[in-house]
Amino acid sequence: MSTGHGADSAPVHKPTLDTRGRGGGTLFGDTFSSLGIRNYRLFFTGAIVSNTGTWMARITQDWLVLSLTGSAAAVGITTALQFLPMLLFGLYGGVIADRYPKRHLLLVSQAALGLCGLALAVLTLSGSVQVWHVYLIAFLLGMVTVVDNPARQSFVSEMVGPKQLRNAVSLNSANFQSARLVGPALAGVLIAGVGSGWAFLFNGLSFLAPLVSLLLMRTSELHKVERAPRGKGQLREGLRYVAGRPDLIWPIVLVGFIGTFGFNFPIWLTAFSGDVFHVGAGTYGLLNTLMAAGSLVGALAAARRGSTRLRMLVIAAALFGVLEIAAALSPAFWLFALLLVPIGMIGLTVNVTANSAVQMATDPAMRGRVMSLYMMVFAGGTPIGAPLLGWVTDTYGARAGFATGGLVSLTAAVVIGLVLARVGGLKVAMRWHHGHPQVRFVARERLATAA
């Protein structure tokens, strides 16, 4: 599908979202320019270590729950409990992030995440772990994340400033996906070799790295952002702000559908590993690594791009759904594994494009509340989607569960793409070009003139 010139700016009311420019420097300068800022370089380095531990814990947690219960639905419940606080309290986390110094909030939240990891390590290494322990710690992790997520997301702009924001958001995703390449592989080795507890222990200790990096930052070099004063109605103010901005609300709605139904990979990959292809923990880790490889490519490509276009968001979301359906129907293990690479790449493109578009279009004083809403719908929908798709997977099989997630993602992309086109005064037009049909968005005025 090709789109016309007008589609780029259809849902966008801030010109910075539709810039056509490209960086003119070297590959390193364009892709990694944010790393030239000392505070962000410290943040990035600490995050590599903690993200690796986080991915090790995620993979180990899912495998541990599956081992204890034998149920994909139980894996879905664990995931749901971890994201339930975001759904219930996510907006309040944004208010807190806008009200207090974000660096101080992150020092507290990162320490709390480390303690949760250490608690699960002690329970597992002592041999006393039960599934309700995992459920409880997953919920506690979610409670901490309510504040950690909006504080961490909006703190990026304080470290790098507006000119480097899009690049830094993309590099954050590249950082997370780089750790995803290493974490699952290490988790698979540790689970098979010495047991799950050691993976949880590494995760707990890994949070020392971001704590040290935050303490070493030069606060005088941070970009000052006016904090929201304590007062009534700040939550409603944030909701009204987003509701009046089509360029914010529709991308958030789209990632809400995809996050709720299309990103349930812990359920699907464990089910495909155990029930469809009958492979062990090592191969399960390999599948996660393949998806991470594609995600890393997508993140680096996003960092290289000089623009953030909502047209790209819609197209990537639709392609993401198509690829998930194709993977669900794959008859052979090698084909399924191969498709995980582009799924990771396109899924990351959806996330980074929506994230950077929303941040760049938001007033800095509102950014914590807007990003908390973004994360609430993206991750907070998991308590709804994970148990539902876990039940579909248990009842109708892994292929049906995966295909359902892809179909919902594809449908949401098509419907919201048409809504965005209408908001921008565009209309879908079809023409034949060199014997092939082309679908594109054109301005309604152009259609009227042509008629």
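In this text, all values refer to a predicted model and were calculated from it rather than measured experimentally.

Okay, the overall build of the chain next. Helix and strand counts for the chain stand at 18 helices and two strands. Here the chain, with 451 residues, has 55% of them falling under the buried criterion. Considering only intrachain contacts with a sequence separation of at least 6, the fraction spanning at least 24 residues in the chain is 84%. Taken as a whole, the chain presents about 18500 Å² of accessible surface, with 68% of it coming from carbon and sulfur.

Turning our attention to the confidence of the model for the chain. For the chain, the mean per-residue pLDDT works out to 80, and 84% of the residues sit at or above 70. By mean pLDDT, the top-scoring element of the chain is helix α8 (residues 208-216) (96), and the lowest-scoring one is helix α18 (residues 444-450) (44). Residue range residues 1-28 is modelled with pLDDT below 50. Its contacts to residues more than four positions away, or to other chains, number 65 contacts. Confidence drops under pLDDT 50 across residues 446-451; counting only partners more than four residues distant or on other chains, this segment forms four contacts.

Okay, unusual backbone geometry next. Although it is not a glycine, His278 sits at a positive phi angle of roughly 55°. Summarising the element assignment, His278 is placed in the loop between α11 (265-276) and α12 (281-304).

Counted under the stated rule, the structure contains 17 aromatic pairs. Ring centres of Phe265 and Phe320 lie 6.4 Å apart, and the angle between their planes is 85°; this geometry places the pair in the edge-to-face category. Separated by 55 residues along the polypeptide, Phe265 in helix α11 and Phe320 in helix α13 (residues 310-328) bring together distant segments of the chain. Residue Phe265 shares its accessibility class with Phe320, and that shared class is buried. Through pairs of rings, three or more aromatic residues link up here, namely Phe263, Phe265, Trp268, Phe272, Phe277, Phe320, Phe333, Phe336 and Phe402. Here the guanidinium or amino end of Arg58 rests over the ring plane of Trp55, the centre of that ring lying 5.0 Å away.

Attention shifts here to the packing of helix α9 (residues 234-243) against helix α15 (residues 367-379). Where α9 contacts α15, the two axes come as close as 9 Å, and the packing angle between them is 75°. In terms of their interaxial angle, α9 and α15 are classed as roughly perpendicular. Every residue of α15 that contacts α9 at Gln234, Glu237, Gly238, Leu239, Tyr241 and Val242 is listed here: Arg369, Val370 and Leu373.

Under the definition given, this model contains four salt bridges. For Asp98, the salt bridge is made with Arg369, and the minimal N-O distance between the two is 2.8 Å. Separated by 271 residues along the polypeptide, Asp98 in helix α3 (residues 72-99) and Arg369 in helix α15 bring together distant segments of the chain. Each of the two residues, Asp98 as well as Arg369, counts as buried.

Together, Leu87, Leu88, Phe89, Tyr92, Met143 and Ile384 line one region of the surface with nonpolar side chains, adding up to about 540 Å² of accessible area. Tallying contributions element by element places α3 first for the nonpolar patch, with four residues. Here Leu88 is to be found in helix α3.

This brings us to helix α5 (residues 131-160). With 30 residues, α5 ought to run about 44 Å at 1.5 Å a step, and its terminal C-alpha atoms sit 42 Å apart, in line with that. The sharpest bend along α5 comes to roughly 40°, located at Thr145. The element α5 is extensively covered by neighbouring structure, given that 22 of its 30 residues are classed as buried. Taken from the residues just after α5, Gly161 is the one with a positive phi, measuring 85°.

For Thr353, the location among the structural elements is in helix α14 (residues 333-360). What makes Thr353 buried here is its relative accessible area of 4%. A C-alpha to C-alpha distance of 9.8 Å links Thr353 and Val314, two positions 39 residues apart in sequence. Of the polar contacts made by the side chain of Thr353, one reaches the backbone oxygen of Thr349; its length is 2.6 Å.

As a further point, take helix α2 (residues 38-69). Between the first and last C-alpha of α2 there are 46 Å, a value that for 32 residues agrees with the 46 Å anticipated at 1.5 Å per step. At Ile48, α2 shows its maximal kink, close to 25°. When you tally the buried positions in α2, you get 23 out of 32 residues, the bulk of the element. A positive phi of about 70° marks Gly70, the residue just after α2.

Thresholds applied
- Residues numbered from 1 in each chain as written.
- Predicted model: local features only at pLDDT ≥ 70, side-chain atom pairs only at ≥ 80, totals over all residues.
- Heavy atoms only, no water.
- Helix = DSSP H or I, 4+ residues; strand = E, 2+ residues; numbered from the N terminus.
- Buried < 20%, exposed > 50% of the residue type's maximum accessible area, 1.4 Å probe, protein only.
- Contact = heavy atoms within 4.5 Å.
- Areas by Shrake-Rupley, 256 points an atom, 1.4 Å probe, with all protein chains shown as cover.
- pLDDT = per-residue confidence, 0-100.
- Phe/Tyr/Trp six-rings, centres within 6.5 Å; stacked < 30°, edge-to-face > 60°.
- Lys NZ or Arg CZ within 6 Å of the ring centre and 35° of its normal.
- Axes fitted to C-alpha atoms, helices over the stretch in contact; angles between N-to-C directions.
- Parallel < 35°, antiparallel > 145°, perpendicular 65-115°, else oblique.
- Salt bridge = Lys/Arg side-chain N within 4 Å of Asp/Glu carboxyl O.
- Patch = residues over 30% accessible without salt bridge, like charges linked within 9 Å, V, L, I, M, F, W, Y side chains within 5 Å.
- Expected span 1.5 Å × (residues − 1).
- Bend = angle between axes of the 7 residues up to and from the residue.
- Polar contact = N/O pair within 3.5 Å; in protein donor to acceptor, adjacent residues only side chain to side chain.

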